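# Notes for the structure review
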Amino acid sequence: MMTTEKAEPVSIVSSNSDVRTEYKVHTRSVTGAKKRRRGKPCEDAVDYKKLKKGIICAVADGHGDKKCKYSSIGAKLAVESACEVLRAVLKDSPTPSALYTQFIDGRDKICKDIITVWNRKVISDFLSRPESNECEKYGIDILAYTEELFAKPKSKMTVEETRAYYERRDYFESILHDAVALYGTTLNVVVVTTKFIFCMGIGDGDIIAVQGKRFNWLLPPAEQFSTKTRSLCMKPYDALASFKCVTITKSKSKNCRSYMESNINPDFIMLSTDGLRNSFLDEGMYIDRMVAINSERQTGYKKFVCNSKRWAEKLSRESVYQDDLTFALLAHNK
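Residues numbered from 1 in each chain as written. Predicted model: local features only at pLDDT ≥ 70, side-chain atom pairs only at ≥ 80, totals over all residues. Heavy atoms only, no water.

Once that is clear, we can look at the packing of aromatic side chains. Scanning all chains against the criterion turns up 16 aromatic pairs. Ring centres of tyrosine 165 and tyrosine 166 lie 4.9 Å apart, and the angle between their planes is 90°; on these two criteria the pair is classed as edge-to-face. We classify tyrosine 166 as partly exposed; its relative accessible area is 33%. With centroids separated by 6.1 Å and ring planes inclined at 55°, the aromatic side chains of phenylalanine 225 and tyrosine 321 adopt a geometry described as tilted. With phenylalanine 225 in the loop between strand E7 (214-217) and helix H7 (236-242) and tyrosine 321 in the loop between helix H9 (283-318) and strand E10 (325-332), this residue pair connects regions lying 96 residues apart in the sequence. A residue is classified by how much of its surface remains accessible, and tyrosine 321, at 38% relative accessible area, is partly exposed. An aromatic cluster is built from Tyr100, Phe103, Phe196 and Phe198, whose rings are joined through pairwise contacts. Between the NZ or CZ atom of arginine 129 and the centre of the ring of tyrosine 70, over which it lies, the distance is 4.6 Å. (Phe/Tyr/Trp six-rings, centres within 6.5 Å; stacked < 30°, edge-to-face > 60°. Buried < 20%, exposed > 50% of the residue type's maximum accessible area, 1.4 Å probe, protein only. Helix = DSSP H or I, 4+ residues; strand = E, 2+ residues; numbered from the N terminus. Lys NZ or Arg CZ within 6 Å of the ring centre and 35° of its normal.)

The following block contains the structure:
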């Protein structure tokens, strides 16, 4: 479980070409008021990496369903997996143009890699649990199978080979699905570079941007207060189909003179679990609060950071569901 109960200072490196100088990152995670009264832990997770080529930030919300008994671990492994995969993408791209192409043309591969890494991490954890006794003897084979989640069968196989292939696949798919269902979680991720913003998500939670008094959903919002959500613990191809991704080119200025420009250059980007938006009576109040934070950020970022824990706890305490609440704020360092 990864929670942040205390704001950590962010070091800023002075270099105009280094995206780390452009943004301050502040993360906050609080246990829901209802869980706190019952002595239960937070099931959210948040993580970020600041690299020269881009900032990676991820939040995850472990499912509260009793069947998902290890969802807090699933959420922690989800943000770890996302940061691990996207860090490799940033490091492997030699130029900004190549990096942009990776995110435009490689969306499916990025999603597949995150699903694969998460499943592998989950199975590695599951094999240390009491529930794994029945399949312990297949541990190595199951771990090997997680590397084949999106592999295609050989083009030429005999009838016997085809039968054996599908029997093995169906058998390990069933074991895998039963295991990862215990770790169910959502995931929302953003990568910010000097040139563009890449967002991806599965399940509920939000990625939004505020620019002046303008509010934008960077990913389409889920229905507020909905109890149904997509999950990383779905079967791999179902999870792949459920990911939403978008790449947004940042405008050089806020006064776009060309229809080719996006007119997007946010003052801040916020990722959050659904506990944040669900703490407001309606989406209008949520949007108004996000826009108000922007003016506060511009006049007193440190004040917002210092007060964010009390603010988040108050939101959870007064809300309908009193859920866990986690967010990551990437504020432009102007």
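There is more to say after this.
Taken together, the side chains of Lys34, Arg37, Arg38, Lys40 and Lys66 present a region of like positive charge at the surface. A relative accessible area of 57% means that arginine 38 is categorised as exposed. (Patch = residues over 30% accessible without salt bridge, like charges linked within 9 Å, V, L, I, M, F, W, Y side chains within 5 Å. Areas by Shrake-Rupley, 256 points an atom, 1.4 Å probe, with all protein chains shown as cover. Salt bridge = Lys/Arg side-chain N within 4 Å of Asp/Glu carboxyl O. Lys, Arg positive; Asp, Glu negative; His and termini not counted. Charge placed at Lys NZ, Arg CZ, Asp CG, Glu CD.)

Across the 8 residues that make up E10, a large majority, 8, are buried. Alternating positions in E10 separate into two faces, Leu325, Phe327, Leu329 and Ala331 on one and Thr326, Ala328, Leu330 and His332 on the other, with burial throughout. The sheet contact formed by strand E1 (residues 23-30) and E10 spans 8 bridges and is antiparallel. Residue pairing for E10: lysine 24 is matched across the bridge by alanine 331. Here strand E9 (residues 268-272) runs beside E10; their pairing, made up of 5 bridges, is antiparallel. Note that in E10 the partner of isoleucine 269 across the bridge is leucine 330. (Pairing = 2+ DSSP bridges.)

What the largest pocket holds in volume is close to 900 Å³. Around the largest pocket, the lining is made up of 31 residues, and of these Gly62, His63, Gly64, Asp65 and Asp323 lie nearest the centre. By residue number, the principal contributor to the lining of the largest pocket is helix H1 (residues 33-38), which donates 3 residues. Partitioned by chemical class, the residues of the lining of the largest pocket number 5 nonpolar, 10 polar and 16 charged. (1 Å grid on protein atoms, 1.4 Å probe; cavity = no way out; pocket = protein on both sides within 12 Å on 5 of 7 lines; lining within 4 Å. Points joined across faces, edges and corners; volume = space filled by probe spheres on them. Nonpolar A, V, L, I, M, F, W, Y, C, P; charged D, E, K, R; others polar.)

Just distances and angles here, no functional claims.
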